[in-house]
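# Architecture and fold: a report
These are the residues of each chain, in order.
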Amino acid sequence: MSRVAVFPGSFDPMTNAHLDVAQRAAALFDHLVIGVLNNSRKTPLFSVEQRVAQIQQTVAPFGPHVEVKAFDGLTVDFARRSGAGFIVRGLRAVSDFEAELQMAHTNRKLQPAVDTVFLMSALEYGYVSSSLAKEVAQFGGDVTPMVPAAVATALHEHFSARS
Ligand code: PNS
């Protein structure tokens, strides 16, 4: 039986904590679809096309069973369209758990056939978040320990073009 999972997120931008979870999930599932939310209610720093391209470049070494797609609407519908039985989410710290539990229960109510799987990101990335990476980059700090190389370059280009 082929085990398919989606790993949804805003990924604005992808961090090393996300990447660590993607790598663990890529080792666990036969097929992994990283879903980049195209949320019209939020104004992201990077367009959905830019985020998809950054992640594609970053996860290419994981192999052809990992793909990256933009999606909108409900995560459970994206999971169903992708033929996935699992939603992967990362936990960096206990503080992530409450919101994640609420999301997992909501998704289960919406689609009982899809289970949420939590993977703990590596301890060294416990402090990393997309918003902190953006703030550090905005003021010229070094984000290379926090985000993949393609994202560090994109952040640098974005903020140096503005100054
Ligand atoms: O990276 P994020 O912002 O923590 O990801 C949150 C995400 C995209 C997983 C969540 O907002 C989501 O699933 N959005 C799609 C809409 C949806 O399905 N909502 C109901 C589930 S809570």
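Please refer to the structure placed before this passage.
Worth saying up front: this structure is predicted, and the values here are computed from it rather than measured. (Residues numbered from 1 in each chain as written. Predicted model: local features only at pLDDT ≥ 70, side-chain atom pairs only at ≥ 80, totals over all residues. Heavy atoms only, no water.)

## Here we look at the sheet that holds strand β3 (residues 66-71)
Selection rule: Strand pairing requires that DSSP identify at least two bridges connecting the strands. Numbering of helices and strands starts at the N terminus; helices are DSSP runs of H or I of at least 4 residues and strands are runs of E of at least 2. Lines fitted to C-alpha atoms define the axes, with helix axes restricted to the stretch in contact, and inter-axis angles between N-to-C directions lie between 0 and 180 degrees.
An order of β3-β2-β1-β4-β5 is seen for the five strands of this open sheet, with the pairing classed as parallel. What marks the edges here is a single partner per strand, and that holds for β3 and β5 (115-120). Looking at each pair of strands side by side, their axes are set apart by 30° on average, direction ignored. Here strand β1 (residues 4-9) pairs with strand β4 (residues 86-91) via two bridges, running parallel. Opposite Ala5, over in β4, you have Phe86 as the bridge partner.

## Details of the pairing of β5
Basically, it comes down to this: With strands facing away from the observer, any crossover in which the path from the first strand over the helix to the second runs clockwise is taken as right-handed.
When β4 meets β5, the two strands line up parallel, connected through six bridges. Within the sheet, the bridge partner assigned to Ile87 lies in β5 and is Thr116. For the crossover that starts at β4, traverses helix α4 (residues 94-110) and ends in the parallel β5, the hand is right-handed.

## Concerning the site of the ligand
Applied cut-off: The criterion for a residue being near a molecule or strand is simple. One of its heavy atoms has to lie within 4 Å of it. N or O atoms closer than or at 3.5 Å make up a polar contact, with two conditions inside protein: a donor-capable atom paired with an acceptor-capable one, and, for residues adjacent in sequence, both atoms drawn from side chains. Note on areas: Shrake-Rupley, 1.4 Å probe, and residue coverage restricted to the protein chains presented here.
All residues adjacent to the ligand are Gly9, Ser10, Leu37, Gly73, Leu74, Thr75, Arg89, Met103 and Asn107. Within the side chain of Arg89, a nitrogen or oxygen atom sits 2.9 Å from an oxygen atom of the ligand. Here the ligand loses 72% of its free accessible area of 540 Å² to cover by the protein chains.

## Some details on the side chain of Thr75
Definition in use: Relative accessible area decides the class of each residue, using a 1.4 Å probe on protein chains only: under 20% of the type maximum gives buried, over 50% gives exposed, and in between gives partly exposed. Only heavy atoms matter for contacts: two residues are in contact if any of them lie within 4.5 Å across the pair.
Relative to the helices and strands, Thr75 resides in helix α3 (residues 75-81). In this structure Thr75 comes out as buried when scored by relative accessible area, which is 17%. Not counting chain neighbours up to four residues away, the residues in contact with Thr75 comprise Pro8 and Ile87.

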